[in-house]
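Here are the chains, one letter per residue:
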Amino acid sequence: MKKDRRKWLLVFLPVIAVAFSLIILVKSFNSNPRVNITKDNLLIPVEVSFDDRLSELADKCNYEETEQLTDEDPGVVTSHKSYSNTYTTRYGKVNQVSCPTFCFDYPDGWTVASEDIDELPNLFECDTLSNPRGIEITYMSFSDSLGGDGRFMYEYEITKVSDSSFVPGYPEGTDKDCYNLGDFMVAKIKMTGELNMETDEDFKPIDGGVFYTVVPQSYKGKHETQNLYEECAFEYPTEYVIMVSSPDGRYTTEEEEEVIHILSSFRLKN
């Protein structure tokens, strides 16, 4: 009889021990739902609360890379190409005088179409480069006001399309401080309205042509003028303009990128 009791004890004691261990484990799980169950204490699925999942997601988001926002205008070109050809203005060299000398880089395929020194009314210098389609880069140094057509006014908008290499300072041959011009930009000019002052009471909306130029960033916005060239001039200390125009006022994507890169290289010659 004693042997039978020992036999039954040997059979049931391990079962009782396992049951007791499971009871302790379940109690521990109920008191702490975030207990980690591993291969060392049996693989039992653990349900994580919604708040815990939300917290884990927030922690993950804190480490994810986010887009870096800037104050730069949308659509602005920030990288610039280098070209092998450089054009340098000539007034100071031709007349042996001290004055600002500018230069800009341009790609192969552009040619010098004209160079005029003291030959055109109201201009010290006017130089033009063109490409095979007839897109022109025109540089002008004013000796006097160009004026405008007394009948028409034009409405246009200036937006920034790229940074400029031109940094104002003290113009050569003068003691005038031009730092107050501020930062320059490559700008897109879009004609948006036209007014015949003899017949119209207000501007008529037009889908006008597009020009590109280099001007102070303070020029951004809407303007009204009788003479676009003179309106987009900057004083250094006399007035200068560099502007790009196309025969139809339109540009392909490649043409637009090219003229923006050219104008972004406009600078003072060292």
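A brief look at the structure comes next. Note on numbering: residues in each chain are counted from 1, in written sequence order. Note on the predicted model: pLDDT of at least 70 is required for a residue's local features to be given, and 80 or more for side-chain atom pairs to be given and counted; whole-chain, interface and lining totals, by contrast, use all residues. To get the side-chain values, all heavy atoms of the structure are used, and hydrogens and water are removed first.

**Some words on the overall build of the chain**
In step 1: Within the chain one finds five helices and 13 strands.
In step 2: Only protein chains enter the accessibility calculation, which uses a 1.4 Å probe; a residue whose area is less than 20% of its type maximum is buried, one above 50% is exposed, and one in between is partly exposed. Counting across all 270 residues of the chain, residues that qualify as buried make up 35%.
In step 3: Every residue pair with non-hydrogen atoms within 4.5 Å of one another is taken to be in contact. In the chain, the proportion of contacts linking residues at least 24 apart, taken out of those at least 6 apart, comes to 63%.
In step 4: As displayed, the chain offers around 17,500 Å² of accessible surface, 51% of which is attributable to carbon and sulfur atoms. Working definition: helices are DSSP H or I runs of at least four residues, strands are E runs of at least two. Numbering for both runs from the N terminus. Exposure was quantified through the Shrake-Rupley algorithm and a 1.4 Å probe, taking into account, for residues, occlusion by the shown protein chains and nothing else.

**Here we look at the nonpolar core**
In step 1: In this text, buried Ala, Val, Leu, Ile, Met, Phe, Trp, Tyr and Cys residues form a nonpolar core when linked through side-chain atoms within 4.5 Å. Counting residues in each nonpolar core, the largest one holds 47 residues, and the members touching the most others are Phe104, Tyr212, Phe234 and Phe266.
In step 2: Contributing elements (two or more residues each) for this core: β2 (102–106), β4 (123–130), β5 (136–142), β6 (152–163), β7 (184–196), β9 (210–216), β12 (239–245) and α5 (253–264).
In step 3: With six residues, β7 is the largest single contributor of residues to this core.
In step 4: Not counting residues up to four positions away in its chain, the partners in contact with Tyr212 are Val161, Ala187, Lys188, Ile242, Met243, Val244, Tyr251, Glu256, Val259, Ile260 and Leu263.

**So, the sheet that holds strand β1 (residues 85–88)**
Backbone hydrogen bonds hold the strands of a sheet together, and the pairing may be parallel or antiparallel.
In step 1: DSSP bridges decide pairing: two strands pair if at least two such bridges lie between them. Spatial ordering of the open sheet is given by β1-β2-β13, a layout of three strands whose pairing is antiparallel. Edge strands, defined here as strands with exactly one partner in the open sheet, are β1 and β13 (267–268).
In step 2: Across four bridges, β1 lies against β2 in antiparallel orientation. In the strand pairing of β2, Thr86 is matched with Asp105.

**Here's the deal with the layout of surface pockets**
In step 1: The volume enclosed by the largest pocket comes to roughly 180 Å³.
In step 2: Of all the secondary-structure elements, those providing two or more residues to the lining of the largest pocket are β4 and β5.
In step 3: Counted by class, the lining of the largest pocket contains seven nonpolar, six polar and two charged residues. A cavity, in this analysis, means grid points on a 1 Å lattice covering only the protein atoms where a 1.4 Å probe fits yet has no way out; a pocket is instead an open set bounded by protein on both sides within 12 Å along at least five of seven lines, and a residue lines either one if it has an atom within 4 Å of a point. Grid points are joined across faces, edges and corners, and a volume is the space filled by probe spheres set on the points. Polarity classes work like this: nonpolar for Ala, Val, Leu, Ile, Met, Phe, Trp, Tyr, Cys and Pro, charged for Asp, Glu, Lys and Arg, and polar for all others, with Gly in that last group.

**Examining the side chain of Thr128**
In step 1: On the secondary structure map, Thr128 appears in strand β4.
In step 2: Each residue touching Thr128, except ones within four places of it in the same chain, is listed here: Thr111, Val112, Ala113, Ser114, Glu136, Ile137 and Thr138.

**Details of the packing of aromatic side chains**
In step 1: Stacked, tilted and edge-to-face are the three classes applied to pairs of Phe, Tyr and Trp rings, where Trp contributes its six-membered ring and a pair requires centres within 6.5 Å; stacked means planes under 30 degrees apart, edge-to-face means over 60, and tilted covers the rest. Under the definition given, this model contains 18 aromatic pairs.
In step 2: Here the aromatic rings of Tyr170 and Tyr179 are separated by 6.0 Å at their centres, their planes lie at 80°, and the arrangement is edge-to-face.
In step 3: One aromatic cluster is present, formed by Phe102, Tyr139, Phe166, Phe184, Phe234, Tyr236, Tyr240 and Phe266 through successive ring pairs.

**Observations concerning the side chain of Asp200**
In step 1: Its location among the elements puts Asp200 in the loop between β7 and β8 (204–205).
In step 2: Whenever a nitrogen or oxygen atom comes within 3.5 Å of another N or O atom, the pair is scored as a polar contact, on the condition that within protein one atom can donate a hydrogen and the other can accept it, and that pairs from neighbouring residues in sequence are kept only if both atoms are in side chains. Of the polar contacts made by the side chain of Asp200, one reaches the side chain of Thr199; its length is 3.4 Å.
In step 3: When sequence neighbours within four positions are dropped, the list of residues in contact with Asp200 reads Glu194 and Leu195.

**Notes on the pattern of salt bridges**
Close approach of charged atoms allows side chains with opposite charge to pair.
In step 1: Salt bridge, as applied in this entry: a Lys or Arg side-chain nitrogen positioned within 4 Å of an Asp or Glu carboxyl oxygen. Summed over the entire model, instances satisfying the criterion amount to eight salt bridges.
In step 2: Across the salt bridge formed by Lys190 and Asp207, the nearest N and O atoms sit 2.6 Å from each other. In this pair, Lys190 is assigned in strand β7 and Asp207 in the loop between β8 and β9, connecting sequence segments 17 residues apart.
In step 3: Among the ionic pairs, Asp207 bridges to Arg250, the shortest N-O distance being 3.5 Å. Here Asp207, found in the loop between β8 and β9, pairs with Arg250, found in the loop between β12 and α5; they are 43 residues apart in sequence, far enough to count as distant.
In step 4: On the accessibility criterion, Arg250 (35% relative accessible area) is partly exposed.

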